[in-house]
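Structure at a glance
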Amino acid sequence: MRPALRPFAACIALLSLAGCIPAGRSPGGGWRPPAESPERFAKCVAMMRAEGSQIDALPDRNFDNGCSATSAVKLVAIGIPVTNLGAVKCTLAAPFARWIREDVTAQATRWLNGYVTRIDSFGSFACRPVNNQAGNRLSEHGRANAIDIAAFRLKDGRRITVKEGWNGDDPQIRGFLRALHKSACGRFSVVLGPEANALHHDHFHFDMGRGPYCR
Ligand SMILES: [Zn+2]
């Protein structure tokens, strides 16, 4: 077996257990991460700032174990505070800021007649394999290219969690979470939620790796 196919084979082997992310439409080849350069990064940072985000550009970091955080930013203010976020690739941070400013705000008004004051995340950068399964390829979290979202705090005190709300009793909350999951699929390469697999029963995972995949 060609080495390039091994991660995909591992994914197939684990599919029934963990519901791996498929390796794209042409397994083993074809997909390449978008090229990065100082110019592209500067352009992305400038675009985010022009759209109203306050961000700090971070120096590139590469780690011995294959993990990296390159072309990444720290989100200082993007409309609604998000907890637990570390480095995020700018090409992910840009659609994330739009999702927050446009989708989260609009769907909270529509479904909950509410105003989101804080979003709780499970983080962005983490050096680990996909689904924490040894042998899987590196998670997009290991490239600062993924964000996990767990809950939304409202001004009226409510805290909407993916864990309790996705299949909860309140149809408005179910509608709110499904609307946000759906809109995310239009913004990110990969979106995983409670329907994807058991590992995502309590959060939405967004990344800009190989896709599209929306579940
Ligand atoms: Zn994730």
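Scroll up a little and you will see the structure.
Structure report, in brief. Since the structure is predicted, the reported quantities are computational estimates derived from the model, not experimental observations.

1. So, the state of the cysteines
Scanning the entire structure with this criterion turns up three disulfides. In the protein chain, the cysteines engaged in disulfides, taken in order along the sequence, are linked 1-3, 2-4, 5-6.

2. Details of unusual backbone geometry
In this structure, the amide linkage connecting G211 to the following residue, P212, adopts the cis form with an omega of 0 degrees. Relative to the elements of secondary structure, P212 occurs in the loop between β11 (204-207) and β12 (213-214). The phi angle at N84 is positive, at roughly 70 degrees, despite the residue not being glycine. Residue N84 is classed as exposed on the basis of its relative accessible area of 59%.

3. Some words on the pattern of salt bridges
In the structure shown here, the tally under the stated rule is ten salt bridges. When the shortest N-O distance is used, the salt bridge between E51 and R98 registers 3.0 Å. Of this pair, E51 sits in the loop between α2 (38-50) and β1 (54-57) while R98 is found in helix α3 (residues 90-112), placing the two residues 47 residues apart along the sequence. Judged by relative accessible area, which is 31%, E51 ranks as partly exposed. R143 is paired through a salt bridge with E140; the nearest N and O atoms lie 2.9 Å apart. Exposure remark for R143: the relative accessible area of 30% places this residue in the partly exposed category.

4. Some words on the environment of N65
With respect to the helices and strands, the residue N65 is situated in the loop between β2 (61-62) and β3 (68-69). Between the C-alpha atom of N65 and that of L138, which follows or precedes it by 73 residues, the distance is 9.9 Å. A distance of 3.2 Å separates a polar side-chain atom of N65 from the backbone nitrogen of C67.

5. A word on α3
At W99, α3 is bent by approximately 30 degrees, the largest bend along its length. In the segment just after α3, N113 is the residue with positive phi, at about 45 degrees.

What counts as what
- Residues numbered from 1 in each chain as written.
- Predicted model: local features only at pLDDT ≥ 70, side-chain atom pairs only at ≥ 80, totals over all residues.
- Heavy atoms only, no water.
- Disulfide = S-S within 2.5 Å.
- Helix = DSSP H or I, 4+ residues; strand = E, 2+ residues; numbered from the N terminus.
- Buried < 20%, exposed > 50% of the residue type's maximum accessible area, 1.4 Å probe, protein only.
- Salt bridge = Lys/Arg side-chain N within 4 Å of Asp/Glu carboxyl O.
- Polar contact = N/O pair within 3.5 Å; in protein donor to acceptor, adjacent residues only side chain to side chain.
- Bend = angle between axes of the 7 residues up to and from the residue.

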